[in-house]
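# Descriptive analysis of the structure
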There are 2 protein chains.
Amino acid sequence: MTAIKESSTRNENKEMSISACPVSYVMNKIGGHWKPVILYQLMSGPKRYSELRKAIPTITEKMLIQHLKQLQTDDLVIRTAEPVVPPFVTYKLSKVGESLTPVLNAIANWGYAQTGR
Amino acid sequence: MTAIKESSTRNENKEMSISACPVSYVMNKIGGHWKPVILYQLMSGPKRYSELRKAIPTITEKMLIQHLKQLQTDDLVIRTAEPVVPPFVTYKLSKVGESLTPVLNAIANWGYAQTGR
DNA sequence: ACAAGTACTTACCCTAAAGTATGTATCAAT
DNA sequence: ATTGATACATACTTTAGGGTAAGTACTTGT
């Protein structure tokens, strides 16, 4: 997952605006193209890794686990692995993740309104 | 503003998920780090270019006008220029831009809740 | 013996997004 | 004549994000 350069100006600018602006803070947590999409899928209940892949066909496996990992470390989703084989892994929203529901719904509703349902 | 390569796989994947998922559609319109921040600033009323710069100190001028232009072509903000010198240019939310208010408020509120106000 | 299913991991490469730095036009005031 | 203010523009470079392709581990079914 290739570490980020802490010292880059890019990162500094982000850090600064995060502490100053709530919107900026949120965009860092759930910004990017895929994270909100994944979270939106998990809003309808826990899903297995393979289910998520099917639900979001255009995402690559790399992106999917990469973001799932990030969402875990950000305490937005919880991973549960059954010690069986073949593996059975489910992902679900954490409490904090669930608190994003209004945000994701607001986003989705606006999207529907713009694209004409 | 360097044209994008329409044929890139990256773009294709985006296009596909945009049409399939409302969240993905929205992230393309107001995704990225700066666009929501700019829109959030404009929620409190029209602002001059220089006022926006002061309100978002960490953004570079390049990013600011680049995104302002994009937001214009996406019909989210309206630019008004008085034919005077020195220039007097104001930006404000369009009708569609104003319809983003619930989305941006939901985002900001969540941000406040997470960071502890 | 080996193919299939599941959930990853890793190495390599490419590109869009962002930053840096500098330049432009116009007029008023000093 | 030079400075200042305002709202940009443009060339160049860096970097984070994303894509491609291939491999791993473990067991059940054939």
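Definitions and limits used
Residues numbered from 1 in each chain as written. Chains lettered and ligands numbered in written order. Predicted model: local features only at pLDDT ≥ 70, side-chain atom pairs only at ≥ 80, totals over all residues. Heavy atoms only, no water. Pairing = 2+ DSSP bridges. Helix = DSSP H or I, 4+ residues; strand = E, 2+ residues; numbered from the N terminus. Contact = heavy atoms within 4.5 Å. Axes fitted to C-alpha atoms, helices over the stretch in contact; angles between N-to-C directions. Near = heavy atom within 4 Å. Polar contact = N/O pair within 3.5 Å; in protein donor to acceptor, adjacent residues only side chain to side chain. Nonpolar A, V, L, I, M, F, W, Y, C, P; charged D, E, K, R; others polar. Buried area = accessible area lost by both parts, 1.4 Å probe. Salt bridge = Lys/Arg side-chain N within 4 Å of Asp/Glu carboxyl O. Least-squares fit on C-alpha atoms with pLDDT ≥ 70 in both. 1 Å grid on protein atoms, 1.4 Å probe; cavity = no way out; pocket = protein on both sides within 12 Å on 5 of 7 lines; lining within 4 Å. Points joined across faces, edges and corners; volume = space filled by probe spheres on them.

- Looking up chain A in an unreviewed UniProt entry gives the name Helix-turn-helix transcriptional regulator, with the organism given as Mucilaginibacter aquariorum.

## Here we look at the sheet that holds strand β3 (residues 88-93) of chain B
Residues and elements named next belong to chain B.
- Strand order in the open sheet formed by 3 strands is β1-β3-β2, and the pairing between neighbours is antiparallel. With one partner strand each, in any of the chains shown, β1 (47-48) and β2 (77-82) form the two edges of the open sheet.
- Relative to β3, β2 runs antiparallel, the two being bridged by 6 bridges. Bridged to Ala81 within β3 is Val89.
- Where helix α3 (residues 35-42) meets the sheet, it contacts β1, β2 and β3, and its direction lies at approximately 100° from that of β3.
- The sheet strands contacting helix α5 (residues 61-73) are β2 and β3, and the helix crosses β2 at an angle near 115°.

## Describing the sheet that holds strand β2 (residues 77-82) of chain A
All names here are of chain A.
- The strand order β1-β3-β2 describes an open sheet built from 3 strands, whose pairing is antiparallel. Two strands bound the open sheet, and with one partner strand each, they are β1 (47-48) and β2.
- Strands in contact with helix α3 (residues 35-42) are β1, β2 and β3 (88-93); relative to β3, the strand with the most contacts, it is inclined by about 100°.
- Where helix α5 (residues 61-73) meets the sheet, it contacts β2 and β3, and its direction lies at approximately 110° from that of β2.

## Considering the protein's contact with DNA strand C
- Close to DNA strand C lie 26 residues; Glu61, Arg79 and Tyr91 of chain A together with Lys62 and Val85 of chain B are nearest.
- What you see for DNA strand C is that sugar and phosphate hold 67% of its atoms within 4 Å of the protein.
- The separation between a base nitrogen of DNA strand C and a polar side-chain atom of Glu61 of chain A is 3.3 Å.
- In the model, a phosphate oxygen of DNA strand C is placed 3.3 Å from a nitrogen or oxygen of the Val89 of chain A main chain.
- If you list the elements that add at least two residues to the surface near DNA strand C, you get α1 (9-20), α4 (49-55), α5 and β3 of chain A together with α5 of chain B.
- Among the elements that take part in the surface near DNA strand C, α5 of chain A stands out by supplying 4 residues, more than any other.
- Class assignment of the residues belonging to the surface near DNA strand C gives a composition of 10 nonpolar, 7 polar and 9 charged.

## Comments concerning the interface of chain A and chain B
- Listed as interface residues are 35 residues of chain A and, on the opposing side, 35 residues of chain B.
- It is Met27, His33 and Trp110 of chain A that lose the most area in chain A upon contact with chain B, and together they represent 22% of the buried surface on that side.
- Applying the counting rule to chain A against chain B returns 0 salt bridges.
- Remark: the boundary between chain A and chain B carries 6 residue pairs in polar contact (both at pLDDT 80 or more).

## Focus: the relation of the copies chain A and chain B
- Its rotation angle being 180°, the transformation that places chain A on chain B also includes 0.0 Å of axial translation and leaves an RMSD of 0.1 Å. Read as a symmetry element, the transformation amounts to a two-fold axis.
- Interface residue correspondence from chain A to chain B reaches 100%, placing this contact among same-surface, isologous pairings.

## Regarding empty space enclosed by the protein
- Inspection of every chain in the model, using the stated rule, returns 1 cavity of 30 Å³ or more.
- Lining of the largest cavity is provided by Met27, Ile30 and Ile107 of chain A together with Met27, Ile30 and Ile107 of chain B.
- Listing elements by their share of the lining of the largest cavity, those giving two or more residues are α2 (22-30) of chain A together with α2 (22-30) of chain B.
- When grouped by side-chain class, the residues that make up the lining of the largest cavity number 6 nonpolar, no polar and no charged.

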